[in-house]
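Examining the three-dimensional arrangement
Given next are the chains, with one letter for each unit.
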Amino acid sequence: MENINVVETTPMPRIGDNAPGFKAVTTQGEINFPADYNGSWVILFSHPADFTPVCTSEFITFAHLEDKFLKANCKLVGLSIDGLYSHIAWLRTIKEKIEFNGMKDVEVNFPLIEDIKMDVANLYGMVQPGESSTKAVRAVFFIDPKGIIRAIIYYPLSLGRNFEELYRVVIALQTADAFSVATPADWQPGDDVIVPTAGSCGTAKEFMADKENMNCQDWFFCTKKLDKEKVLSTILKK
Ligand code: BEZ
């Protein structure tokens, strides 16, 4: 058997777990996570290193979309295994010099955690030694207003994330919560939703009371229209 040298101090957090707590220094001051984010959704994400090109393109994109996430009650928190002064210098350089996909002069206003000792990266399983033992992979933790981890996505070092997909995940999770439904493949607001069968994803009381509007192709596959406006007016802040 291949001998992979894995140093794991804590088990990796999983979907449904309480987000592990930590205090950290960030570019926006100290944070107490996830307590400071109680009542908001939060995306905690890691990137491999400051002053690297893929990460730079991601930060410009995320900063550009921050208002869109905030309207969905979702805050952003970044992390890499770098020090605070590196973070500050990198973000200043991005604002002053870098243009990506037509976005320029971009200011990153969300906190970027310094994690030179890898404390938080290890706590969240962001260091995956098969990929790199000194850099965090591109991990994305979606954490709900009660501090529960609701989705996790990992990307390798070479692959920049799709931020429209990260936004879709936030909206889909909130839609599932608000309407007691599930969302099918490639779902976007306005598409039909899945009415869960009893015992799968909840009981969908509101929908079961409205059976004539359901389209049941078999006992396990029932869908229902859910108006885009209804979704967005429920989820997005005015
Ligand atoms: C990048 O962000 O460009 C990058 C970072 C670490 C390894 C490979 C690429």
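Residues numbered from 1 in each chain as written. Predicted model: local features only at pLDDT ≥ 70, side-chain atom pairs only at ≥ 80, totals over all residues. Heavy atoms only, no water.

**Some points on the environment of Met214**
If you trace the backbone, Met214 turns up in strand E9 (residues 214–218). As for Met214 and Lys224, which are separated by 10 residues in sequence, their C-alpha atoms are 4.8 Å apart. (Helix = DSSP H or I, 4+ residues; strand = E, 2+ residues; numbered from the N terminus.)

**Quick word on the packing of helix H4 (residues 163–179) against helix H6 (residues 228–235)**
Relative orientation and spacing of two packed helices are given, respectively, by the angle between their axes and the distance between those axes. Contact geometry of H4 with H6 gives a least axis separation of 10 Å together with a crossing angle of 95 degrees. When the axes of H4 and H6 are compared, the pair comes out roughly perpendicular. Here Ile171, Gln174, Thr175, Ala178 and Phe179 of H4 come into contact with H6, specifically with Lys230, Val231, Thr234 and Ile235. For the contact of H4 with H6, a count of residues per class yields 5 nonpolar, 3 polar and 1 charged. (Axes fitted to C-alpha atoms, helices over the stretch in contact; angles between N-to-C directions. Parallel < 35°, antiparallel > 145°, perpendicular 65-115°, else oblique. Contact = heavy atoms within 4.5 Å. Nonpolar A, V, L, I, M, F, W, Y, C, P; charged D, E, K, R; others polar.)

**Observations concerning the pattern of salt bridges**
Within this structure, the stated rule accounts for 9 salt bridges. Its salt-bridge partner being Arg161, residue Glu58 comes within 2.7 Å of it at the nearest N-O pair. Taken together, the positions of Glu58 in helix H1 (residues 53–71) and Arg161 in the loop between strand E7 (149–155) and H4 put the pair 103 residues apart, joining distant regions of the chain. The partner of Glu165 in a salt bridge is Arg168, with the nearest N and O atoms 2.7 Å apart. Of the two residues, Glu165 and Arg168 are both situated in helix H4; the distance of 3 residues between them amounts to about one turn of the helix. (Salt bridge = Lys/Arg side-chain N within 4 Å of Asp/Glu carboxyl O.)

**Re a nonpolar patch on the surface**
A contiguous nonpolar surface patch, about 390 Å² in accessible area, is contributed by Trp219, Phe220 and Phe221. With respect to the helices and strands, the residue Phe220 is situated in the loop between E9 and strand E10 (221–224). Taking the relative accessible area as the measure of exposure, Phe220 reaches 49% and is therefore partly exposed. (Patch = residues over 30% accessible without salt bridge, like charges linked within 9 Å, V, L, I, M, F, W, Y side chains within 5 Å. Areas by Shrake-Rupley, 256 points an atom, 1.4 Å probe, with all protein chains shown as cover. Buried < 20%, exposed > 50% of the residue type's maximum accessible area, 1.4 Å probe, protein only.)

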